[in-house]
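Okay, here's what each chain looks like letter by letter:
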Amino acid sequence: MKNILITGGAGFIGSHVVRTFVNKYHNYKIYNLDSLTYAGNLENLKDLENKKNYKFLYGNITNENYVNEIFKKYQFDGVIHLAAESHVDRSILNPLDFAKTNILGTIVLLNAFKLLWSNNWKGKKFYHVSTDEVYGSLGDSGLFNEKTPYDPNSPYSASKASSDHFVRAYGETYGLPYLISNCSNNYGPNQFPEKLIPLFINNIIENKFLPVYGDGNYTRDWLYVKDHAIAIDLIFHKGIKYETYNVGGFNEYKNIDLVKLLCKLMDVKLNQKKGESEKLITYVKDRPGHDLRYAIDANKININLGWSPLVTFEEGLSQTIDWYFDNSEWLKNVTSGEYQNYYKTQYN
Ligand code: NAD
Ligand code: DAU
């Protein structure tokens, strides 16, 4: 039996990773460490509550004493680190929160792992889940590959870039066996409705305006979250230590085209006249430092580990919309309280 720590498992991507591992690996005990910020929600893992090989640990990755204590107690053989402040707009409002969790929290975890295993790293792995935003912005052509120099533009991406550098530095300096992946934009069930797709689904349901930043001609490369979870499983088990893997959807969309596609699908689901949802599109002030385009060259993981996305964008988007309709209570719960304050600050 191996003990595996997954951080941020109550969040969007983390909950899909925890589910994949708990259901697939009965020889692992999965510990989910999460401080349940506004983005963390144990409802995301309700189906796993009573599984024997799953345990939730309530705690903050910046709390050094607590983190050291659980590493000592549970002797984690592997770590999959996803806990982070993850929303770019919030990082513009409050950069310090991002530095604390994303940089400091990562160092606390690295130290705890080093304290436990530096005498013998054999069979141990620290997998850091990161983002393509560390590479900065592309122009109209080109793709990010694993050798693209880091050039982060937002406080969020700067904090993730910094954490990536610390992970690499622990590899170089102490021999800590790490893996890093840098993934493009995820979408799917359980995503907090501050990110583009779930925010716009919720706003269409509530007949609220759809705030498109700038001219809407920004491009992102979209990947279904369950395909990311499969990639994380593969990288954790088959990835070569001290290496980085880029993960992407081979699926570039300009924001405005994506929003129009989403509007079309929502009109069908809501049984309303074609064009109704599009009427809600409103161009608003641009995001400061807005990166023009992200697009991933995912050839390395494709060729070396045999991974490619299984779900097409149209399928994934349709399943995502269905999930939000089927989970209206979830949506109501997460959009009450603090969300209302954030929404006012961000969009008024
Ligand atoms: P999320 O915001 O949905 O979830 C983050 C989780 O981390 C939450 O459960 C939250 O409670 C927890 N958390 C936050 N601060 C914590 C702390 N100090 N201590 C313990 N737990 C804490 O994020 P997500 O979108 O699921 O992203 C997960 C990871 O994947 C992040 O590291 C992010 O940078 C990376 N990533 C995200 C995307 C994307 O499109 N969402 C793409 C590539 C990489
Ligand atoms: O690329 C990976 C990254 O993708 C992850 O590391 C981040 O955690 C994740 O949040 C995401 O970052 P983005 O900033 O690309 O995602 P977001 O959903 O916030 O925005 C997607 C695009 O839509 C971006 O160009 C900004 C635009 N947008 C977003 C919002 C919230 C709007 O036009 N209006 C909005 O209200």
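Check the entry above for the structure.
Presented here is a report on the structure given in the accompanying data block. This is a predicted model, so every value here is computed, not measured. (Residues numbered from 1 in each chain as written. Chains lettered and ligands numbered in written order. Predicted model: local features only at pLDDT ≥ 70, side-chain atom pairs only at ≥ 80, totals over all residues. Heavy atoms only, no water.)

Let's talk about the site of ligand 2
Put simply, the rule reads: Residue proximity to a molecule or strand is established when one non-hydrogen atom of the residue lies within 4 Å of it. Between N or O atoms, a polar contact is any pair within 3.5 Å; within protein, one atom must be a potential hydrogen donor and the other a potential acceptor, and residues adjacent in sequence are included only when both atoms are from side chains. Per the convention used, a helix needs a DSSP run of H or I reaching at least four residues, while a strand needs a run of E reaching at least two, with both numbered from the N terminus.
Around ligand 2, 26 residues are found, and the nearest of them are T131, D132, Y156, R287 and Y347. A distance of 2.7 Å separates an oxygen atom of ligand 2 from a polar atom in the side chain of T131. A distance of 2.8 Å separates an oxygen atom of ligand 2 from a polar atom in the side chain of R220. For the shell around ligand 2, the secondary structure elements donating two or more residues are α3 (88-93), α6 (196-205) and β8 (210-213).

Comments concerning unusual backbone geometry
In plain terms, the rule: Only protein chains enter the calculation, and the probe is 1.4 Å; a residue is then buried if its accessible area is under 20% of its type maximum, exposed if over 50%, and partly exposed in between.
In this structure, Q75 is a non-glycine residue whose phi angle is positive, near 50 degrees. Tracing the backbone shows Q75 in the loop between α2 (64-74) and β4 (78-81). For Q75, a relative accessible area of 35% translates into the label partly exposed. If you check the backbone angles, Y242 has positive phi at about 70 degrees while not being a glycine.

Some details on the site of ligand 1
Put simply, the test is: All accessible-area figures derive from a Shrake-Rupley calculation using a 1.4 Å probe, and residue coverage is judged against the displayed protein chains alone. Each residue gets one of three labels, nonpolar for Ala, Val, Leu, Ile, Met, Phe, Trp, Tyr, Cys and Pro, charged for Asp, Glu, Lys and Arg, and polar for the others, Gly among them.
By nearness alone, 28 residues border ligand 1, and I13, D34, S86, Y156 and K160 come closest of all. Contacts to ligand 1 include N60, whose side-chain N or O atom sits 2.8 Å from a nitrogen atom. N186 is positioned such that a nitrogen or oxygen atom in its backbone is 2.9 Å from an oxygen atom of ligand 1. Relative to its free-state accessible area of 830 Å², ligand 1 is covered by the protein chains to the extent of 97%. Going through the elements one at a time, α1 (12-24), β5 (125-131), α5 (155-174) and β7 (185-187) are the ones with two or more residues in the shell around ligand 1. With three residues, β5 is the largest single contributor of residues to the shell around ligand 1. Of the residues contributing to the shell around ligand 1, the split by class is twelve nonpolar, 14 polar and two charged.

What to know about the nonpolar core
Rule in force here: For our purposes a nonpolar core is just a set of buried Ala, Val, Leu, Ile, Met, Phe, Trp, Tyr and Cys residues, chained together by side-chain atoms within 4.5 Å.
Formed by 42 residues in total, the largest nonpolar core has its most connected members in I6, F21, I80 and I301. Looking at which element gives the most residues to this core, the answer is helix α7 (residues 225-238), with seven residues. In terms of nonpolar packing, the next biggest core, distinct from the first, is built from 33 residues, F192, I204, I256 and L262 among them.

Quick notes on the sheet that holds strand β3 (residues 54-58)
Convention followed: Strands qualify as paired when DSSP identifies two bridges or more between them. To obtain an axis, a line is fitted to C-alpha atoms, over the contacting stretch when the element is a helix, and the angle between two such axes runs from 0 to 180 degrees between their N-to-C directions.
The strand order β3-β2-β1-β4-β5-β6-β10 describes an open sheet built from seven strands, whose pairing is parallel. Edge positions in the sheet fall to β3 and β10 (243-247), since each has one partner strand and no second. In this sheet, neighbouring strand axes are inclined to one another by 20 degrees on average, regardless of whether the strands run parallel or antiparallel. In the sheet, strand β2 (residues 28-34) pairs with β3 via five bridges, with the strands oriented parallel.

Structural notes on the layout of surface pockets
Operational definition: Each cavity reported here is a set of points on a 1 Å grid over the protein atoms alone in which a 1.4 Å probe fits but cannot get out, each pocket an open set with protein on both sides within 12 Å along at least five of seven lines, and each lining residue one with an atom within 4 Å of a point. Grid points are joined across faces, edges and corners, and a volume is the space filled by probe spheres set on the points.
Each pocket or cavity is described by its volume, and for the second largest pocket that value is around 220 Å³. Going through the elements one at a time, α3 and α12 (338-347) are the ones with two or more residues in the lining of the second largest pocket. Broken down by element, the lining of the second largest pocket gets its largest block of residues, three residues, from α3. Broken down by class, the residue content of the lining of the second largest pocket amounts to six nonpolar, one polar and four charged.

Quick look at the pattern of salt bridges
Selection criterion: The rule for a salt bridge is simple: a side-chain nitrogen of Lys or Arg has to be within 4 Å of a carboxyl oxygen of Asp or Glu.
All chains considered together, the criterion is met by 13 salt bridges. D47 is the salt-bridge partner of R19, the closest N and O atoms lying 2.8 Å from each other. In this pair, R19 is assigned in helix α1 and D47 in the loop between β2 and β3, connecting sequence segments 28 residues apart. By relative accessible area, which is 45% here, D47 ends up partly exposed. Put simply, E276 and K279 hold a salt bridge, and the shortest N to O gap is 2.8 Å. Using a relative accessible area of 61% as the deciding quantity, one classes K279 as exposed. When salt bridges with common partners are traced through the structure, they connect R90, E194, K195 and E338 into a single cluster.

Let's talk about the packing of aromatic side chains
The line we're drawing: Centre distance within 6.5 Å is the pairing criterion for rings of Phe, Tyr and Trp, where only the six-membered ring of Trp is used; planes under 30 degrees apart are then read as stacked, over 60 as edge-to-face, and the remainder as tilted. Definition used: whenever NZ (Lys) or CZ (Arg) falls within 6 Å of the ring centre and also within 35 degrees of the ring normal, the charge is taken to sit over that ring.
Under the definition given, this model contains 28 aromatic pairs. An aromatic cluster is present here, built from Y38, F192, Y213, Y339, Y343 and Y347 joined pairwise through their rings. Seen from the ring of Y343, K208 lies directly overhead, with NZ or CZ sitting 4.4 Å from the centre.

Function-wise, these values are silent; they only describe arrangement.
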